[in-house]
Amino acid sequence: MNDWLKVAMPKGRIYKQASTLFREAGLLVPEDEDQSRKLIIDIPEVKMQFIMAKPVDVPTYVEYGAADIGIVGKDVLLEEKRDVYELLDLGIARCRMSVIGLPDWKPLTNPRVATKYPNVASQYFRERGQQVEVIKLNGSIELAPLIGLADRIVDMVETGKTLQENGLVELEEMFGITSRLIANRVSYRMKNEVIQQLCDRLQVQRNVQVKG
Ligand SMILES: Nc1ncnc2c1ncn2[C@@H]1O[C@H](COP(=O)(O)OP(=O)(O)OP(=O)(O)O)[C@@H](O)[C@H]1O
Ligand SMILES: O=P(O)(O)OC[C@H]1O[C@H](OP(=O)(O)OP(=O)(O)O)[C@H](O)[C@@H]1O
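Note that the coordinates shown come from a computational prediction; the quantities given were computed from them, not determined experimentally.

Q: An account of the packing of aromatic side chains is needed here, citing residue identities and associated values.
A: Applying the stated criterion across every chain yields a total of four aromatic pairs. The interplanar angle of 65 degrees and the centroid separation of 5.4 Å between the aromatic rings of Y85 and Y188 together place this pair among those described as edge-to-face. With Y85 in strand β5 (residues 85-89) and Y188 in helix α7 (residues 185-190), this pair connects stretches of sequence that are 103 residues apart. We classify Y85 as partly exposed; its relative accessible area is 28%. Chaining the aromatic ring pairs together yields one cluster made of Y124, F125 and F175. The ring centre of Y124 lies 3.7 Å from the NZ or CZ of R128, which sits over that ring. One cation-aromatic arrangement involves R185 over Y85; the distance from NZ or CZ to the ring centre is 4.2 Å.

Q: Can you break down the sheet that holds strand β9 (residues 152-157) residue by residue, with the values?
A: Two pairing modes exist for strands in a sheet, parallel and antiparallel, and in both the strands are linked by backbone hydrogen bonds. As summarised here, the arrangement of the five strands in space is β8-β7-β9-β6-β10, forming an open sheet in which the pairing is mixed. The strands lining the two open edges of the sheet, one partner per strand, are β8 (133-136) and β10 (169-177). On average, each strand axis in the sheet is tilted by 25 degrees relative to the strand beside it, whichever way the strands run. In this sheet, β9 lies alongside strand β7 (residues 112-115) in parallel orientation, the contact comprising three bridges. In the sheet register, V113 faces β9, and the bridge partner there is R152. Along the sheet face, helix α4 (residues 118-127) touches β6 (95-101), β7, β8, β9 and β10 and points at about 110 degrees away from the line of β10.

Q: How would you summarise the pairing of strand β4 (residues 69-73) if you had to cite specific residues and measurements?
A: Burial analysis of β4 places five of its five residues in the buried class, which makes it a mostly covered element. The sheet contact formed by strand β1 (residues 5-10) and β4 spans two bridges and is parallel. For A8, the partnering residue across the bridge sits in β4 and is G70. Pairing between β4 and strand β11 (residues 179-183): five bridges, direction antiparallel. For I69, the partnering residue across the bridge sits in β11 and is A183.

Definitions and cut-offs
Chains are numbered independently. Their residues run from 1 in the order of the written sequence. Naming scheme: in the order in which they are written, chains are lettered from A and ligands are numbered from 1. Whole-chain, interface and lining totals are the exception, using all residues; otherwise, since this is a predicted model, local features are given only for residues with pLDDT of at least 70 and side-chain atom pairs are given and counted only at 80 or more. To get the side-chain values, all heavy atoms of the structure are used, and hydrogens and water are removed first. Paired rings are identified among Phe, Tyr and Trp, the last through its six-membered ring, by centres lying within 6.5 Å, and are further divided according to the angle between planes into stacked (under 30 degrees), edge-to-face (over 60) and tilted (the rest). Under the scheme used here, helices are H or I runs from DSSP no shorter than 4 residues and strands are E runs no shorter than 2 residues, and both carry numbers assigned from the N terminus. For every residue, the accessible area (1.4 Å probe, protein chains only) is compared with the maximum for its type, and the residue is labelled buried under 20%, exposed over 50%, or partly exposed between those bounds. Lysine NZ or arginine CZ positioned within 6 Å of the ring centre and within 35 degrees of the ring normal marks a charge as sitting over the ring. When DSSP finds at least two bridges between two strands, those strands are taken to pair. A fitted line through C-alpha atoms represents every axis, and for helices the fit uses only the stretch in contact; the resulting angles, taken between N-to-C directions, go from 0 to 180 degrees. In this description, contact between two residues means that some pair of their heavy atoms is separated by no more than 4.5 Å.

See the structure below:
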């Protein structure tokens, strides 16, 4: 199976958008993941193997060559800093990373900031000369300022519904986030033709969607 292309796909919220983009670009992908609990899906007709990974682990599979290419949010790339090529902005799973707090938030000395992204948050505040204590959480980050664990949080905002329903406000927008196509460095050289073809097809489809 050495000539097959191994693709790490993120399970969960990105999967539907990523698989739709692949299909619209004329590429075969497994059915939506809620149909199956299978983690490795082979498509022999096109010599592709799909690995259904936890989103945050996609760059790890790709860096180590367990997958040749993968799809992952820019947020994860910024946090994990894995040694992979970033080939294409797919323009899907669009959201933003922001600093969030209560509306009556006041600057404190050495405030606590809770986040799923400790490296990104530390760098962001360090670059602005602000000393903060970063606390790593794994989900429901919006709880932290509500129950006094932290003064502010760094988290994703898409529709703003989570903030609104919990009485929080966006204090600073940090970066726009979309999902990216990434590749293992060796695979990119050894399987260049097939990876480049796939990348080109996805790029054409993405451009169609951007214009539409
Ligand atoms: N509210 C959002 N709207 C759009 N995209 C988002 C949003 N939140 C996160 N994302 C993007 O989707 C990716 C995956 O989201 P998330 O980390 O929440 O995983 P998940 O699909 O819920 O699975 P799990 O939490 O089980 O790992 C993130 O890395 C980010 O790029
Ligand atoms: O602006 P909105 O459209 O409300 O989206 C933002 C929410 O989406 C993500 O949470 P997710 O659903 O991944 O939950 P978790 O972080 O608690 O696991 C993010 O961490 C925000 O909480």
